[in-house]
Amino acid sequence: MAAGGGTVTAPMTDENLFATLRAAFPADLDAIAIETCDTPQPLRYRWRDLERGTAMLANVLDSLDLPPGSRIAAHVDKSVEALMLYLAVLRAGHVYLPLNTAYQAAEIEYFLGNAEPAVLVCSPRNFGWASKLAFRLGVRNVFTLGDERDGTLLDRAAQMSDRHEPAARSGDDLAAILYTSGTTGRSKGAMLTHRNLRSNAQVLHEAWGWREHAGRDVLVHALPIFHVHGLFVASHCALLSGSRMLWFARFDPAAVTARLPEATVFMGVPTLYVRLLAEPSFGREACRRMRLFVSGSAPLLLQTFEEFRQRTGHTILERYGMSETVMLTSNPYRPDSARRGGTVGPALPGVGVRICDDRGLPVATGEVGNVEVKGLNVFRGYWRMPEKTADDFTTDLWFKTGDVGRLDADGYLTIVGRSKDLIISGGYNVYPAEVEGYVDALPGVAESAVVGVPHPDFGEAVVAVVVPRPGAAVDPAALVATLKARIANFKVPKQVFVVPELPRNAMGKVQKNELRARHRSLFGG
Ligand code: MCA
Ligand code: AMP
């Protein structure tokens, strides 16, 4: 069963994504593009500031004489300057490599070693360890960028010209590499091209009503900018329509609710909606100018969808995507009565979605199977992993998402599960194999199994079940404390169980379903 047909409809162009975004800046460059909402004083950036700031940052990169397509890694707190750094990397013709600020040294070491960036931009507070690591791994240039408009990158940029001609890039050239964890525990870098990002931004611009509201929308941007949702989906939609952004470095439901009456669009992962609903000041009055609430990155519970509609009168538009593909499907923008809770909607224009069985054969309408996709938005492959790339595409070049779902007769997709062993916690992906690797390496641990169980706030929570070595004792609290110092906090198990052995099937495989069932009510799920 296929929907959307996978036909290529978007025009083939060969320009730099930055040039496309800049061409959409409003004629009045003195209009406000971005206003910060949680800095000590509100900062207002005009479109002219984005134009000049990205030119100056692009000139810093040019001054380093890097070969085109060099990787520029950023491990920095969310700020407007960090967004400008992304845009400047595109502008200068390099490849942006955003890294979650929660990542710790061991994780960063892997990314730097694998991607071999020419430049690392890190937070001033991490400069000590990050620069040591970077220089040891051959990264030649390390700059700092703080969230208070500070750091050596901006010092250098201040000396640069504010004019810069965007580098010529073809649609096939890489624009960004997004690391997404692998089932074997090692992260894979999804290579996204200028065409991937541009085509998807243009599709969303049309599909979600940005074009018709051009220049009049106000987006509350409260997501991190090191993943697809905040960096590409939200920012590109606003930039491409010349819309103002209300910029929150972190999501705080009360602070967001206070600014919502000025806004027209909000994008969030389900946890953000759960938290908004728990905020007493949030309701119809705060949403009076809103035209669109978008949810994605993780399944939105039907209960949240319904409660939101009752509380606000708005129907959340749920969509589905991946780091490898940007956005794939979306519930309809219009009419909002066509948005179906529990589904992620039909394929977006130009995207092909089909459901196949384990032999790769299409299943009948309504049957559950593996979700496969095709389109201009689908990435070029995993960085330096040709075998892994080949494994993840079918012989007729459809990408195997690892998600399991069904398409109904109207082409609406419902995601019912995942064939990949993945936990999505608060919109962040956690690969059990990676966490198990860290747990198993701890003294006294014989083996472990990491599973996701329902969690009222994060959707799923990480739980570890640990078997000690004979004669050894494992202290769950100490284990958690050790992990907190080694891996990103969202990957650290919320609960650790010590058991004499793991449940296994006749083949000796750990029965994770059994563990999930055993602990499913742990957080009241
Ligand atoms: C924070 N904590 C978490 C998470 N976030 N635990 C599990 N899962 C999480 N996601 C923990 C911390 O470890 C800490 O624990 C405690 O919660 C408080 O940390 P804090 O930093 O204050 O949390 P927060 O600021 O309240 O963050 C929660 C959050 C954040 C706002 C929901 O996780 C977030 O921004 N999530 C959005 C992720 C996102 O943008 N995903 C899009 C990926 P302790 O106190 O024990 O240290 S793009 C994607 O998936 C695809 C392509 C798509 O379709 O969009
Ligand atoms: P990432 O690796 O961060 O790109 O996460 C992509 C994965 O997030 C997808 O393969 C899905 O499993 C999941 N995902 C994204 N959006 C949704 C959604 N609306 N409903 C269910 N799962 C989703």
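The text that follows walks through the structure, step by step, so that each part is easy to find. (Residues numbered from 1 in each chain as written. Chains lettered and ligands numbered in written order. Predicted model: local features only at pLDDT ≥ 70, side-chain atom pairs only at ≥ 80, totals over all residues. Heavy atoms only, no water.)

A few points about the packing of helix H3 (residues 80–92) against helix H8 (residues 228–240)
Put simply, the rule is: The angle between two axes is taken between their N-to-C directions and runs from 0 to 180 degrees, where each axis is a line fitted to C-alpha atoms and a helix contributes only its stretch in contact. Under the DSSP-based scheme used, a helix requires at least four consecutive residues in state H or I and a strand at least two consecutive residues in state E, with every element numbered from the N terminus. Angles below 35 degrees are treated as roughly parallel, those above 145 as roughly antiparallel, those between 65 and 115 as roughly perpendicular, and all remaining angles as oblique. Contacts are assigned to residue pairs with any non-hydrogen atoms lying within 4.5 Å of each other. Classification convention: Asp, Glu, Lys, Arg as charged; Ala, Val, Leu, Ile, Met, Phe, Trp, Tyr, Cys, Pro as nonpolar; all other residues, Gly among them, as polar.
Taken N-terminus to C-terminus, the directions of H3 and H8 make an angle of 85°; their axes are 13 Å apart at the nearest point. Taken together, the axes of H3 and H8 lie roughly perpendicular to each other. Packed against H3, whose contacting residues are Leu83, Tyr86 and Leu87, the element H8 presents Leu231, Phe232, Ser235, His236 and Leu239 at the interface. Considering only residue class, the contact of H3 with H8 consists of 6 nonpolar, 2 polar and no charged.

A few points about the sheet that holds strand S24 (residues 459–468)
Basically, it comes down to this: In this description, strands pair whenever DSSP reports at least two bridges between them.
A sheet is described by the order of its strands in space; here 3 strands give the open sequence S23-S24-S25, paired in mixed fashion. Among the strands making up the open sheet, the edge pair consists of strand S23 (445–455) and strand S25 (495–498). Going from strand to strand, the sheet's axes swing by 25° on average, the running direction of each strand aside. Running over the sheet, helix H13 (residues 432–440) touches S23 and S24 and is turned about 140° from S23. Against the sheet, helix H14 (residues 476–484) contacts S23, S24 and S25, and its axis sits at roughly 135° relative to S25.

Overview of the site of ligand 1
Rule in force here: Working definition: residue near molecule or strand if any one of its non-hydrogen atoms lies within 4 Å of it. Under the rule applied, a polar contact is a pair of N or O atoms within 3.5 Å (in protein, one hydrogen donor and one hydrogen acceptor; residues adjacent in sequence only if both atoms are side-chain atoms). Shrake-Rupley sampling with a 1.4 Å probe provides the accessible areas, and residues are treated as covered by the protein chains on show and by no other component.
Near ligand 1 you find 25 residues, and of these Arg275, Ser297, Arg319, Ser425 and Lys494 are the closest. Here Arg319 contributes a side-chain N or O atom positioned 2.7 Å from an oxygen atom of ligand 1. Here ligand 1 has 1,000 Å² of accessible area as a free molecule, and 76% of this is covered by the chains. For the shell around ligand 1, the secondary structure elements donating two or more residues are H8, helix H10 (270–277) and strand S14 (317–322). Here the shell around ligand 1 is built from residues that sort into 10 nonpolar, 10 polar and 5 charged.

Some points on the site of ligand 2
Near ligand 2 you find 16 residues, and of these Arg319, Ser323, Asp403, Lys420 and Asn429 are the closest. Arg319 has a polar backbone atom sitting 2.7 Å from a nitrogen atom of ligand 2. A distance of 2.4 Å separates an oxygen atom of ligand 2 from a polar side-chain atom of Asn429. Relative to its unbound accessible area of 500 Å², ligand 2 is 92% covered by the protein chains.

As for the nonpolar core
Applied cut-off: Put simply, a nonpolar core is a bunch of buried Ala, Val, Leu, Ile, Met, Phe, Trp, Tyr and Cys residues held in one set by side-chain atoms that sit within 4.5 Å of each other. Relative accessibility decides the category of a residue: with a 1.4 Å probe and only protein chains considered, values under 20% of the type maximum give buried, values over 50% give exposed, and everything between is partly exposed.
Within the largest apolar cluster, 159 residues are counted, with the highest numbers of intra-cluster contacts made by Tyr86, Trp208, Phe232, Phe266 and Met267. The biggest single contributor to this core is H3, with 11 residues. What Met267 contacts, discounting residues up to four positions off in sequence, is Trp208, Trp210, Leu219, Val220, Leu223, His229, Val233, Ala234, Cys237, Leu272, Tyr273 and Val294. By size, the runner-up hydrophobic cluster in this structure holds 9 residues, among which are Val451, Val463, Val499 and Leu502.

Description of the pairing of strand S19 (residues 399–407)
Counted residue by residue, S19 has 7 buried out of 9 residues, so it is predominantly covered. In this sheet, S19 lies alongside strand S17 (residues 369–375) in antiparallel orientation, the contact comprising 4 bridges. The residue of S19 that forms the bridge with Gly369 is Gly405. Summarising the sheet, S19 and strand S20 (residues 413–418) pair through 5 bridges and their orientation is antiparallel. Following the sheet pairing, Val404 is matched in S20 by Gly417. With antiparallel pairing between neighbouring strands as the criterion, S19 and S20 make up a hairpin whose turn holds 5 residues, including Gly411 at a positive phi of roughly 85°.

Quick notes on the packing of aromatic side chains
Here is the rule we go by: Centres within 6.5 Å are what make two rings of Phe, Tyr or Trp a pair, Trp counting through its six-membered ring; a difference in plane orientation under 30 degrees is then read as stacked, over 60 as edge-to-face, and the rest as tilted. Each ring is checked for a lysine NZ or an arginine CZ that lies within 6 Å of its centre and within 35 degrees of its normal; such an atom marks a charge sitting over the ring.
In total, this model carries 19 aromatic pairs according to the counting rule given. When the centroid spacing of 4.9 Å and the interplanar angle of 65° are considered together, the rings of Phe379 and Tyr382 count as edge-to-face. The ring of Tyr412 is capped by Arg340, whose NZ or CZ atom sits 3.6 Å from the centre of that ring.

Points about helix H5 (residues 127–136)
Applied cut-off: Taken from the helix axis, the directions to the C-beta atoms give the arc we talk about.
Every buried residue belonging to H5 is among Ala130, Ser131, Leu133 and Ala134, and all of these are buried. Relative to the axis of H5, the buried residues are bounded by an arc of 160° and lie together on one face. For H5, exposure combined with an orientation more than 90 degrees from the buried face picks out Lys132 and Arg136. In this fold, the buried residues of H5 make contact with helix H4 (105–115), strand S6 (119–122) and strand S7 (141–144).

Focus on the pairing of S24
Looking along a regular strand, one sees the side chains alternate between the two faces of the sheet. Note the threshold: We call a crossover right-handed when, viewed with the strands running away from us, the connection from the first strand over the helix to the second turns clockwise.
Counting buried residues along S24, 9 of its 10 residues qualify, which places the element largely inside the surrounding structure. Sheet analysis places S24 next to S25, joined by 4 bridges and oriented parallel. The partner of Ala464 across the bridge, within S25, is Val496. In this region the chain leaves S24, passes through H14 and returns to the parallel neighbour S25; the handedness of that crossover is right-handed.

Observations concerning the pattern of salt bridges
Close approach of charged atoms allows side chains with opposite charge to pair. To be explicit about the condition: Each salt bridge in this description consists of a side-chain nitrogen of Lys or Arg and a carboxyl oxygen of Asp or Glu lying within 4 Å of one another.
The final tally for this structure, using the stated rule, is 35 salt bridges. The partner of Arg91 in a salt bridge is Glu51, and the shortest N-O contact between them spans 3.2 Å. Of the two residues, Arg91 sits in helix H3 while Glu51 sits in helix H2 (residues 47–63), which places them 40 residues apart along the sequence. Grouping residues by exposure puts Arg91 and Glu51 together as buried. One salt bridge connects Asp408 with Arg340, and the closest N-O pair in it is separated by 3.0 Å. One end of the pair, Asp408, is in the loop between S19 and S20; the other, Arg340, is in the loop between strand S15 (326–330) and strand S16 (351–356), and 68 residues separate them in sequence. A cluster of three or more residues bridged by salt bridges with shared partners is formed by Glu35, Arg44, Arg244, Arg259 and Glu262.

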